[in-house]
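# Report on the structure
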Amino acid sequence: MNTRRIALGGIALAGLVAFAASATLSGAAEYKVEDEAIKASLTGKAGDAGNGKKVFLNRKKGNCLACHVVASLKDQPFHGQVGPPLDGTASRWKEGELRLRIVNSKIVNKDTIMPAFHRAEGLHRVLKKFKGKTVLSAQEVEDVLAYVMTMKE
Ligand code: HEC
């Protein structure tokens, strides 16, 4: 009986440690804004466009179609029209400018309704379990960016 309790305690403790580690990992990456762009990869690595497409479509992650039309995704339901169509966006903007817009569009347009996908600071009244966490991880931002970079005219 006692050994079992101790064993369970060990599992709970291991769980806590794992949680603490993932909370740190999902914290906001540091980045430098210059010329209205974030020129360097948030992770130092290139993004994966295939995973980026999944994050882009995922209603609990990017949910980008809630506000944007993308012609190549016409098999997907519900394209919102609150934001501009993203077709050709990678011909209009440089990679660093698009990275900045995904990280935090409010840096270039403080009135935008586009959510900041990688900003942990400055959020008000967030639920405790989301505190210090970003909507998308640094790698997810890079993956979505790699996918958006395929949207050329
Ligand atoms: C709640 C609505 C909303 C959501 C969700 C949203 N956006 Fe936006 N987005 C906008 C609006 C509005 C603009 C227009 C620019 C502005 O408001 O500053 C915009 C602009 C953009 C632009 C610049 C487009 C151009 O060519 O000028 C890109 C790129 C972009 N969004 C990508 C994304 C991606 C990627 C996601 C998902 C991770 C996303 N957006 C989610 C509302 C949204």
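Residues numbered from 1 in each chain as written. Predicted model: local features only at pLDDT ≥ 70, side-chain atom pairs only at ≥ 80, totals over all residues. Heavy atoms only, no water.

## Remarks on the environment of M114
- Inspection of the secondary structure puts M114 in the loop between α4 (95-104) and α5 (138-148).
- Expressed as a C-alpha distance, the spacing of M114 and I102, which sit twelve residues apart in the sequence, is 8.7 Å.
- Sequence-distant contacts of M114, defined by excluding residues within four places in its chain, comprise H68, R101, I102, S105 and K106. (Helix = DSSP H or I, 4+ residues; strand = E, 2+ residues; numbered from the N terminus. Contact = heavy atoms within 4.5 Å.)

## Quick notes on the site of the ligand
- Contacts to the ligand come from 22 residues, most closely from C64, C67, H68, T112 and M114.
- For the ligand, an oxygen atom lies 2.9 Å from a polar atom in the side chain of N109.
- Those elements giving two or more residues to the shell around the ligand turn out to be α3 (89-92) and α5.
- Split by residue class, the shell around the ligand holds 14 nonpolar, seven polar and one charged. (Near = heavy atom within 4 Å. Polar contact = N/O pair within 3.5 Å; in protein donor to acceptor, adjacent residues only side chain to side chain. Nonpolar A, V, L, I, M, F, W, Y, C, P; charged D, E, K, R; others polar.)

## Some words on the pattern of salt bridges
- Scanning all chains against the criterion turns up seven salt bridges.
- With its nearest N and O atoms 3.7 Å apart, the salt bridge here joins E95 to R99. Taken together, the residues E95 and R99, both in helix α4 and four residues apart, mark about one turn of the helix.
- Its relative accessible area of 38% is what places E95 among the partly exposed residues.
- Accessibility expressed as a relative area gives 2% for R99, which makes it buried.
- Where R99 meets E142, a salt bridge forms, and the shortest distance between an N and an O atom there is 2.8 Å. Here R99, found in helix α4, pairs with E142, found in helix α5; they are 43 residues apart in sequence, far enough to count as distant.
- Through salt bridges with shared partners, a single network forms among E95, R99 and E142. (Salt bridge = Lys/Arg side-chain N within 4 Å of Asp/Glu carboxyl O. Buried < 20%, exposed > 50% of the residue type's maximum accessible area, 1.4 Å probe, protein only.)

## Some points on the coordination of the iron atom of the ligand
- Coordination of the iron atom of the ligand by the protein comes from H68 (NE2) and M114 (SD), over a distance range of 2.0 to 2.2 Å.
- Coordination at the iron atom of the ligand is octahedral, judged from the six donor atoms that bind it and the angles of 86 to 178 degrees they form at the metal. Of this pair, H68 sits in the loop between α2 (49-57) and α3 while M114 sits in the loop between α4 and α5, and the two are 46 residues apart along the sequence.
- The exposure class assigned to H68 is buried, which follows from its relative accessible area of 11%. (Donors = N, O, S within 2.8 Å, 3.2 Å for Na, K, Ca; no water. Tetrahedral: all angles 85-135°; square planar, octahedral: opposite > 155°, others 65-115°.)

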